[in-house]
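# Architecture and fold: a report
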Amino acid sequence: MATNFGHRDPAARAERFGKNAPDQGSVYVVPALTEMSVGYMLKPEQMIANRLIPSVTSDKQEGKYAEYPRGYFFRDEMKPRADGAESAGSGFEINWSGSFKADVYAYHVDAGPQMRANAKPIDIDQTCTMLATNKALIKREKFFYDNFFKTGVWTTQLQGKTSGGGGVAGTDLSWADSSALPLIQMKRKIRAAQELTGFRVNKATFSGALWDVFSEHPNVVSRINGGQTPGGPAEVTREMVARWLGLKEVLVAEAVVAANNEGSASEDTLSFMDTAEDAVLLTYTPDSPSLLTPSAFYFFDWVADGLVGQFGNAVSRWWIQERKSTRYEIEMATDAKVIAADCGIWFYDMLAA
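Read on for an overview of the structure. (Residues numbered from 1 in each chain as written. Predicted model: local features only at pLDDT ≥ 70, side-chain atom pairs only at ≥ 80, totals over all residues. Heavy atoms only, no water.)

On to the nonpolar core. In terms of nonpolar packing, the biggest core is built from 46 residues, with Phe144, Tyr145, Phe149, Trp154, Phe297 and Trp346 touching the most fellow members. Of all the secondary-structure elements, those providing two or more residues to this core are helix H2 (31-41), helix H3 (49-52), strand E5 (103-111), helix H6 (124-147), strand E8 (249-253), strand E12 (297-302), strand E14 (325-338) and strand E15 (344-348). With eight residues, H6 is the largest single contributor of residues to this core. In this structure, Phe144 is in contact with Ile48, Ala49, Leu52, Ile53, Phe149, Thr205, Leu281 and Phe297, ignoring residues within four places of it in sequence. Counting residues in each nonpolar core, the second largest holds 30 residues, with Leu158, Ala204, Trp211 and Ile224 among its members. (Core = buried A, V, L, I, M, F, W, Y, C linked by side-chain atoms within 4.5 Å. Buried < 20%, exposed > 50% of the residue type's maximum accessible area, 1.4 Å probe, protein only. Helix = DSSP H or I, 4+ residues; strand = E, 2+ residues; numbered from the N terminus. Contact = heavy atoms within 4.5 Å.)

Rendered as structure tokens:
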């Protein structure tokens, strides 16, 4: 890994790790903190990138992945074979034009002895690791919104229209209209994308604002109107919608980010990351990601040696004499790539009034 944890050589890092303890001047990749970081990256409910986008680990910082004509896999070409005759066959081609480069991102936080003295009930190692890991989570989440959750990326798109603008209830009418048929609209596009690729989308990601409207839409709620009980009104859940649409999971984009810089005069201002507030993205991703498996998107995570976590992340800790503090640093090497634009369906302007 082209990162600097005191040595660029992974073997030298591993040798130093084998010592009983690093001296105060050493940069020390701490496996326990890295494992803690990996565990935390899988937990926050509001962060969806790691739950939605499969991670392909690579021992190289950059490389290529395969692209091939889907017709090779879906063409009916078997023919009767006469005794002693040659079998029917065809050619096969793999295009290695797709490429990735896992850039290295880093963040640190310093913990001085005064902090430790005044925070004895708090595990400083854990707290600083969680803070650093949250920065990595935010970075991965931003990759999702900036690269994938927007118009112009996916082959199949639907733009919501108003009834006055030619919108049709079961085709492209905005869900702000009570006459719209959201489930039928989604099912039609799911079928269209399946015919295009041979794969059925298996996850849906709603913007928060659109989910609120969708889950209260009369033509969605009507599916469960007979299911309410005293004190328990009928409620559309993500699990219900997943079953209705034949999906594995329905996610809602709810991550927030602070807009102001540390130390600025303005107060901390949080806002939702999803700038496309009236959109839903349906995608296909495989259960077992690999360089040869079709997917809407992948994270390519550079895992150079045994001291790096599965998301290309590693947590280091070392003493800085001139600052009289311990530094905790996280590095993450990753690249977020659209793999198959045909494996995504993008609904937008779905709150047009």
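Before going further, it helps to examine unusual backbone geometry. Phi at Lys324 is positive, roughly 50°, even though this residue is not glycine. Turning to its location among the elements, Lys324 is positioned in the loop between strand E13 (313-320) and E14. The backbone of Asp349 shows a phi angle near 55°, a positive value even though the residue is not glycine. Mapped onto the elements, Asp349 comes out in the segment after E15. Under the relative-accessibility criterion, Asp349 is labelled partly exposed at 26%.

Here the focus is the sheet that holds E8. In spatial order, the strands read E6-E15-E11-E7-E8; together these five strands make up an open sheet with mixed pairing. In this open sheet, the two strands that pair with only one neighbour each are strand E6 (156-159) and E8. Across the sheet, the mean angle separating the axes of adjacent strands is 15° when strand polarity is ignored. Sheet topology note: the strand E11 (residues 280-283)/E15 ladder contains four bridges and is antiparallel. (Pairing = 2+ DSSP bridges. Axes fitted to C-alpha atoms, helices over the stretch in contact; angles between N-to-C directions.)

This part takes up the packing of H2 against H6. Viewed as axis vectors pointing N to C, H2 and H6 meet at an angle of 50°, and their least axial separation amounts to 9 Å. In terms of orientation, H2 and H6 fall into the oblique class. Handedness of the crossing formed by H2 with H6: right-handed. Between H2 and H6, the contacting residues are Leu33, Met36, Ser37, Tyr40 and Met41 on the first element and Asp125, Gln126, Thr129, Met130, Thr133, Asn134, Ala136, Leu137 and Arg140 on the second. In the contact of H2 with H6, the residues fall into seven nonpolar, five polar and two charged. (Parallel < 35°, antiparallel > 145°, perpendicular 65-115°, else oblique. Left-handed = near helix turned anticlockwise from the far one by under 90°. Nonpolar A, V, L, I, M, F, W, Y, C, P; charged D, E, K, R; others polar.)

Judged by side-chain polarity, Phe73, Phe74, Phe92, Ile94, Trp96, Leu291 and Leu292 come together as a nonpolar surface patch covering roughly 710 Å² of accessible area. Assignment of secondary structure puts Leu291 in the loop between E11 and E12. Among the residues examined, Leu291 registers a relative accessible area of 35% and is labelled partly exposed. (Patch = residues over 30% accessible without salt bridge, like charges linked within 9 Å, V, L, I, M, F, W, Y side chains within 5 Å. Areas by Shrake-Rupley, 256 points an atom, 1.4 Å probe, with all protein chains shown as cover. Salt bridge = Lys/Arg side-chain N within 4 Å of Asp/Glu carboxyl O.)

Take the pairing of E14 next. Both faces of the sheet carry side chains from a regular strand, because those side chains alternate between them. Counting buried positions along E14 gives twelve out of 14 residues, so the element sits mostly inside the fold. Sheet topology note: the E5/E14 ladder contains nine bridges and is antiparallel. Its bridge partner being in E14, Val109 is matched across the sheet by Tyr328. Pairing of E12 with E14 involves five bridges; the strand directions are antiparallel. Residue Phe299 lies in a different strand from E14, and its bridge partner there is Ala336. In this sheet, E14 lies alongside E13 in antiparallel orientation, the contact comprising eight bridges. Residue pairing across strands places Ser316 opposite Glu329, the latter belonging to E14. Here E13 folds back onto E14 in antiparallel fashion, the turn holding four residues, of which Lys324 has a positive phi close to 50°.

The values reported here are purely geometric and, on their own, carry no functional implication.
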